[in-house]
Amino acid sequence: MSKYTGSTGVVASVPPVADDVTPQHELGTKVVTPDGRAYRYVGCGGTALVTGNLIQSEAEDTGEQNLAVDAAAIGATTVTTSTTVTVVANEYAGGQMLVSVTPGLGTIYRIKRHPAATAATVVLTLEDPIQVALTTDSRVDLVPNIYDNVIQSPATASGVTLGVAVNNITADQYGWIQVGGIANCLADGTVTVGTHVVKSDATAGAVEAFTGVLASVGTAVTGIASTESGAILLHIE
């Protein structure tokens, strides 16, 4: 069965600032401060994070979507792709395998581990046993742990918005990003108090006034001048 070791708790020092060479918590672990600010532990991608910038998951990789698989019986804890893939060892460990085409449509399984593969099939070891038998007609999508290899939110979305950097986490190291409560965010364009904000579609790492297209990431607690940072009540989670 899955080991759901991430936890929610109250921390004494706020905000939790870290720049760890090796992970000190499970990625995705959540903590909440007494004043309602919430944080998740993440792994930084290949470029350092910038304080006050909006952060997203690593860019989507469509190469590991709609994969054919060998048949897998109910209770099995391994699934072998019949579609060839190129992955590094455990690239998807801690992420999910989602069944996108029936049989098994709608089920989701946490990935425990897998070996490296170069234009080859790969065996996925799962945390949970198969609930609905898979056949060669089934198709699966592999989704990495969204809290690993996080990046500055680009002007053109390529992943999901996760939170705001609270310190400059070094590339390929680990730390906390803010996901709830009042955060200090960079603004692209003037933001009016009491209005919704979304990720900017022009300035990487910034928020902008709600456009009616992108999902809201928060509400302005104060007015913010363009290129300055100010208070945003996050409701990403």
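The rules we used
- Residues numbered from 1 in each chain as written.
- Predicted model: local features only at pLDDT ≥ 70, side-chain atom pairs only at ≥ 80, totals over all residues.
- Heavy atoms only, no water.
- Helix = DSSP H or I, 4+ residues; strand = E, 2+ residues; numbered from the N terminus.
- Rg over C-alpha atoms; globule rule 2.2 N^0.38 Å.
- Buried < 20%, exposed > 50% of the residue type's maximum accessible area, 1.4 Å probe, protein only.
- Contact = heavy atoms within 4.5 Å.
- Areas by Shrake-Rupley, 256 points an atom, 1.4 Å probe, with all protein chains shown as cover.
- Pairing = 2+ DSSP bridges.
- Core = buried A, V, L, I, M, F, W, Y, C linked by side-chain atoms within 4.5 Å.
- Phe/Tyr/Trp six-rings, centres within 6.5 Å; stacked < 30°, edge-to-face > 60°.
- Salt bridge = Lys/Arg side-chain N within 4 Å of Asp/Glu carboxyl O.

1. Focus on the overall build of the chain
At step 1: Helix and strand content of the chain: zero helices and 18 strands.
At step 2: Computed over C-alpha atoms, the radius of gyration of the chain comes to 19 Å, within 12% of the 18 Å expected from 2.2 N^0.38 for 237 residues, which places it in the range of a compact globule.
At step 3: Relative to its 237 residues, the chain shows a buried fraction of 42%.
At step 4: Within the chain, residue pairs in contact and separated by at least 24 positions form 65% of the contacts whose partners lie at least 6 positions apart.
At step 5: Summed over all atoms, the accessible surface of the chain reaches about 10800 Å², with 55% contributed by carbon and sulfur.

2. With respect to the sheet that holds strand S11 (residues 139-143)
At step 1: Taking strand neighbours across the sheet as the criterion, the six strands line up as S4-S11-S7-S8-S10-S5 in an open arrangement whose pairing is antiparallel. One side of each edge strand has no neighbouring strand; the edge strands of this open sheet are strand S4 (67-68) and strand S5 (78-80).
At step 2: One ladder, built from three bridges, connects strand S7 (residues 96-101) with strand S8 (residues 108-113); its direction is antiparallel. Note that in S8 the partner of Gln96 across the bridge is Arg110.

3. With respect to the nonpolar core
At step 1: The biggest cluster of nonpolar side chains holds 20 residues, and the ones touching the most others in it are Val42, Leu49, Ile55, Val150, Trp176 and Ile177.
At step 2: Only strand S2 (38-43), strand S13 (161-165) and strand S14 (174-186) provide two or more residues apiece to this core.
At step 3: Other than its neighbours up to four places away in sequence, Val150 contacts Val42, Gly43, Cys44, Gly45, Leu49, Ile55, Gln56, Glu58 and Leu162.
At step 4: By size, the runner-up hydrophobic cluster in this structure holds 19 residues, among which are Ala72, Ala117, Val122 and Leu142.

4. Re the packing of aromatic side chains
At step 1: Overall, the coordinates contain two aromatic pairs when judged by the stated rule.
At step 2: Ring plane angle 15° and centroid distance 6.5 Å describe the contact between Tyr41 and Tyr174, whose orientation is recorded as stacked. Taken together, the residues Tyr41 in strand S2 and Tyr174 in strand S14 connect sequence positions 133 residues apart.
At step 3: Residue Tyr41 is classed as buried on the basis of its relative accessible area, which comes to 0%.
At step 4: Ring centres of Tyr41 and Trp176 lie 5.1 Å apart, and the angle between their planes is 65°; on these two criteria the pair is classed as edge-to-face. Pair noted here: Tyr41 is in strand S2 and Trp176 is in strand S14, with a separation of 135 residues, a long-range link.

5. Here we look at unusual backbone geometry
At step 1: The omega angle of the peptide bond from Thr102 to Pro103 is 5°, so this bond is cis rather than trans.
At step 2: Looking at the element boundaries, Pro103 is found in the loop between S7 and S8.
At step 3: Within the chain, Asn90 stands out as a residue other than glycine whose phi angle is a positive 60°.
At step 4: Relative to the elements of secondary structure, Asn90 occurs in the loop between strand S6 (85-87) and S7.

6. Observations regarding the pattern of salt bridges
At step 1: Using the criterion set out here, one finds four salt bridges in the structure.
At step 2: With a shortest N-O distance of 2.6 Å, Arg110 and Glu26 are connected by a salt bridge. Residue Arg110 is located in strand S8, and its partner Glu26 is located in the segment before strand S1 (30-32); the two are separated by 84 residues in the primary sequence.
At step 3: For Arg110, a relative accessible area of 15% corresponds to the buried category.

7. Focus: the side chain of Asn53
At step 1: Within the element layout of this structure, Asn53 appears in the loop between S2 and strand S3 (54-56).
At step 2: Judged by relative accessible area, Asn53 falls into the buried class, the value being 6%.
At step 3: In contact with Asn53, not counting residues within four places along its chain, are Gln152, Gly163, Val164, Ala165, Leu186, Ala204 and Gly205.

8. Re the pairing of strand S10 (residues 123-126)
At step 1: Alignment of S5 against S10, held across three bridges, turns out to be antiparallel. Bridged to Val79 within S10 is Leu124.
At step 2: Here S8 runs beside S10; their pairing, made up of two bridges, is antiparallel. Counted as the bridge partner of Ile111 is Leu126 from S10.

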